[in-house]
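# Chains, contacts and geometry: an overview
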Amino acid sequence: MASPAPSPPSHPPAPDPTARAANAQKFTLELEFVQALANPWYLHTLAHQGYFEDEAFLEYLKYLEYWRQPQYARFILYPHALHHLELLQHAPFREALTHPDLVQSLHEKQYYAWAKGRRADEPGEGAGKKEEEGAGATAGGIPGAGGG
């Protein structure tokens, strides 16, 4: 007796259009928020409005760490956003963001990095310096705040 013909491979069901739209909207909103973290003055505003004292907000920042994974990080246009997201996991950095001098220093170093391709505290080194090498730099005594 002949064996039955193998069944064609089953395909996963097509995603629900409503769920797909909701996921796309969530992705877009989270991407925009994470990219906003690149702006030191936005971080300063969040600090002054007390967001960094809200446990739910701090948990949200932890949740957003998935953006650091390569399959998500490729969508980030402003790499400083990921650096700041990492620094926001540390209370001393969050507390320091209330000080305009630190925020101005971050802003200036960020501008210099974008304009010249290197860190402001290393004027003799050229573009192409690996970001990891700057991870130990400081701004206002905050480890890692000066290089990213």
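Right, let's walk through the structure included here. It should be emphasised that the depicted structure is a prediction, and the values quoted were computed from it without experimental measurement.

Rules used in this analysis
Residues numbered from 1 in each chain as written. Predicted model: local features only at pLDDT ≥ 70, side-chain atom pairs only at ≥ 80, totals over all residues. Heavy atoms only, no water. Helix = DSSP H or I, 4+ residues; strand = E, 2+ residues; numbered from the N terminus. Buried < 20%, exposed > 50% of the residue type's maximum accessible area, 1.4 Å probe, protein only. Contact = heavy atoms within 4.5 Å. Arc of directions from axis to C-beta. Polar contact = N/O pair within 3.5 Å; in protein donor to acceptor, adjacent residues only side chain to side chain.

## Focus on the environment of Pro40
With respect to the helices, strands and loops of the structure, Pro40 is situated in helix 2 (residues 40–48). Residue Pro40 is classed as buried on the basis of its relative accessible area, which comes to 1%. Here the alpha-carbon distance between Pro40 and His80, two residues 40 residues apart in the chain, equals 9.5 Å. Other than its neighbours up to four places away in sequence, Pro40 contacts His84, Val103, Leu106, His107 and Gln110.

## Notes on helix 3 (residues 55–63)
Three or more residues of helix 3 are buried, namely Phe57, Leu58 and Leu61. Viewed end-on, helix 3 has its buried residues packed into an arc of 100°, placing them on one side of the element. Within helix 3, the exposed residues directed more than 90 degrees away from the buried face are Glu55 and Ala56. Two to three positions downstream of the cap, the backbone nitrogen of Ala56 sits 2.9 Å from a side-chain oxygen, assigning the N-cap of helix 3 to Asp54.

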